[in-house]
Amino acid sequence: MTRPSAAAGSGARRTRCPRCGSPVLRQLVGRRAALDVAADDTRYTAAAAEALREPNRLDWCLRQTRDGLDLRWAECHRRSSPCPHEHVIDHQCTAPPASQGWSRKTSPAPAGQLTL
């Protein structure tokens, strides 16, 4: 029995955002506590992506491996030399919030009392 490579099936896949339809790259990044990343498919240099980074919007190092595209934590900002790889940034959906299809009903119990 052969073992699949470490990157097999774990690389970035191109898809579209289900709400706004923008092209995004999706991947679980990390080995133990993986983060489900949806990043815009627009490519940047490391410096340009770092400038777009915000507290809740990370940039990712995009590597081309023999198995395809792979998103990795952008730890290259710590190096003194510029990163030679392209970078992408987390997707921020521009579509309006989807309606839930339900409405909040008032509780029959008084405020502060839990209902079962």
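Remember, it's a predicted structure, so these values are computed and weren't measured experimentally. (Residues numbered from 1 in each chain as written. Predicted model: local features only at pLDDT ≥ 70, side-chain atom pairs only at ≥ 80, totals over all residues. Heavy atoms only, no water.)

(A) Spatial organisation of the overall build of the protein. Across its full length, the protein carries one helix and six strands. Across the protein, helices and strands are ordered from the amino to the carboxyl terminus as β-β-β-α-β-β-β. Looking at the protein residue by residue over its 116 residues, the buried ones come to 26%. Across the protein, every contact between residues at least 6 apart in sequence was considered, and the portion connecting residues at least 24 apart equals 54%. Summing over all exposed atoms, the protein offers an accessible surface of approximately 9000 Å²; the carbon and sulfur share of this is 51%. (Helix = DSSP H or I, 4+ residues; strand = E, 2+ residues; numbered from the N terminus. Buried < 20%, exposed > 50% of the residue type's maximum accessible area, 1.4 Å probe, protein only. Contact = heavy atoms within 4.5 Å. Areas by Shrake-Rupley, 256 points an atom, 1.4 Å probe, with all protein chains shown as cover.)

(B) Geometry of the pattern of salt bridges. Applying the stated criterion to the full structure yields nine salt bridges. Put simply, Asp41 and Arg14 hold a salt bridge, and the shortest N to O gap is 3.3 Å. With Asp41 in the loop between β3 (35-40) and α1 (46-52) and Arg14 in strand β1 (residues 13-16), this residue pair connects regions lying 27 residues apart in the sequence. Between Arg26 and Asp36 there is a salt bridge, with its nearest N and O atoms 2.5 Å apart. Of this pair, Arg26 sits in strand β2 (residues 23-29) while Asp36 is found in strand β3, placing the two residues ten residues apart along the sequence. Assessed through its relative accessible area of 22%, Arg26 is described here as partly exposed. Overall, Asp36 belongs to the partly exposed group, its relative accessible area being 48%. (Salt bridge = Lys/Arg side-chain N within 4 Å of Asp/Glu carboxyl O.)

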